[in-house]
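# Overview (structure and organization)
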Amino acid sequence: MGRLHTERHLVGRVGWLRAAVLGANDGIVSTASLIVGVAAAEAGRSGVLVAGVAGLVAGAMSMAAGEYVSVSSQADAEKADLDRERGELAAAPEAELRELAGFYVARGLTPVLAHEVAVQLTAKDALGAHARDELSISAHTTARPIQAALASAAAFSVGAAVPLVTAAVAPTSMTVVSVTGAAVLSLAILGGVGAKVGGAKMLTPIVRVTLWGVLAMAITAGIGRLFGAVV
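For the structure given in this document, a descriptive report is provided here. None of these values were measured; they are calculated from a predicted model. (Residues numbered from 1 in each chain as written. Predicted model: local features only at pLDDT ≥ 70, side-chain atom pairs only at ≥ 80, totals over all residues. Heavy atoms only, no water.)

### Regarding helix H3 (residues 93-106)
For H3, spanning 14 residues, the distance from its first C-alpha to its last is 20 Å, which sits close to the expected 20 Å at 1.5 Å a residue. Among the residues making up H3, those that are buried are Glu-96, Leu-97, Leu-100, Ala-101 and Tyr-104. End-on, the buried residues of H3 take up no more than an arc of 140°, which puts them together on one face. For H3, exposure combined with an orientation more than 90 degrees from the buried face picks out Arg-98 and Ala-106. Residues of H3 that are buried sit in contact with helix H2 (45-91) and helix H4 (111-133). Note on H3: the residue one or two positions beyond its end, Gly-108, has a positive phi of about 120°. (Helix = DSSP H or I, 4+ residues; strand = E, 2+ residues; numbered from the N terminus. Expected span 1.5 Å × (residues − 1). Buried < 20%, exposed > 50% of the residue type's maximum accessible area, 1.4 Å probe, protein only. Arc of directions from axis to C-beta. Contact = heavy atoms within 4.5 Å.)

Written out as structure tokens, the structure is:
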């Protein structure tokens, strides 16, 4: 008997990859925008660094809380659907069997084969079969709130550290240029890494992530310079 061929599919990374990319992108853009805006208002180095550190801490906590709450809502909805399906399986197993077979017919199986597949899958794990084929809930895509929260907070902190460290070491007169350059480079790298880990082509994600990041920083710098000039 031949050895089973196992594959690791990229869809299994969806949960933490989305949270990590979102967190890192937000960390780079929001912290760099904050630093650039404060620096453009002609604040001193200490003011810039205090604003950057505050942005990092507040942003990381906000990202973690936001991800946990939003993904927990998804998990609650999935649990409610599974509980409802469990009740339907107990109350009307034959109707549920016909429903499951109908999904396989819709996918191209003959009615006889679809019924046989439904019978065998129901005998092994009825709820699992309905979760996968009726509700589109699987082990790869199920909501994981804690994983999403930790990935988002950690990624935000790493992303935010780039403009913060750059602001700390760059000459005060070069803060805006240095932070902007470091942020743009980091965004491009993030887009490429996210595409690579997700198995996608790199160019479009790099352009998308970098373009929106630059736009956000430009708007913030303009506001900072405007209010700095007024003050």
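### Some remarks on the environment of Ala-54
Looking at the element boundaries, Ala-54 is found in helix H2. Looking at Ala-54, the relative accessible area reads 43%, which means it is partly exposed. A sequence separation of 23 residues divides Ala-54 from Thr-31, and the C-alpha atoms of the two residues are 9.1 Å apart.

### Here's the deal with the pattern of salt bridges
Scanning the model with the defined rule gives 5 salt bridges in all. For the salt bridge of Asp-83 with Arg-86, the shortest nitrogen-to-oxygen distance reads 2.8 Å. On the criterion of helical spacing, the pair formed by Asp-83 and Arg-86 is a turn pair, its members being 3 residues apart in helix H2. Asp-83 sits in the partly exposed class, given a relative accessible area of 35%. With a closest N to O distance of 3.3 Å, Asp-133 and Arg-107 form a salt bridge. With Asp-133 in helix H4 and Arg-107 in the loop between H3 and H4, this pair connects stretches of sequence that are 26 residues apart. (Salt bridge = Lys/Arg side-chain N within 4 Å of Asp/Glu carboxyl O.)

### So, the packing of H2 against H3
Look at H2 against H3: their axes get within 5 Å of each other, and the N-to-C directions meet at 115°. Touching Glu-85, Glu-88, Leu-89, Ala-90 and Ala-91 of H2 are Pro-93, Glu-96 and Glu-99, all from H3. Residue classes in the contact of H2 with H3 are distributed as 4 nonpolar, no polar and 4 charged. (Axes fitted to C-alpha atoms, helices over the stretch in contact; angles between N-to-C directions. Nonpolar A, V, L, I, M, F, W, Y, C, P; charged D, E, K, R; others polar.)

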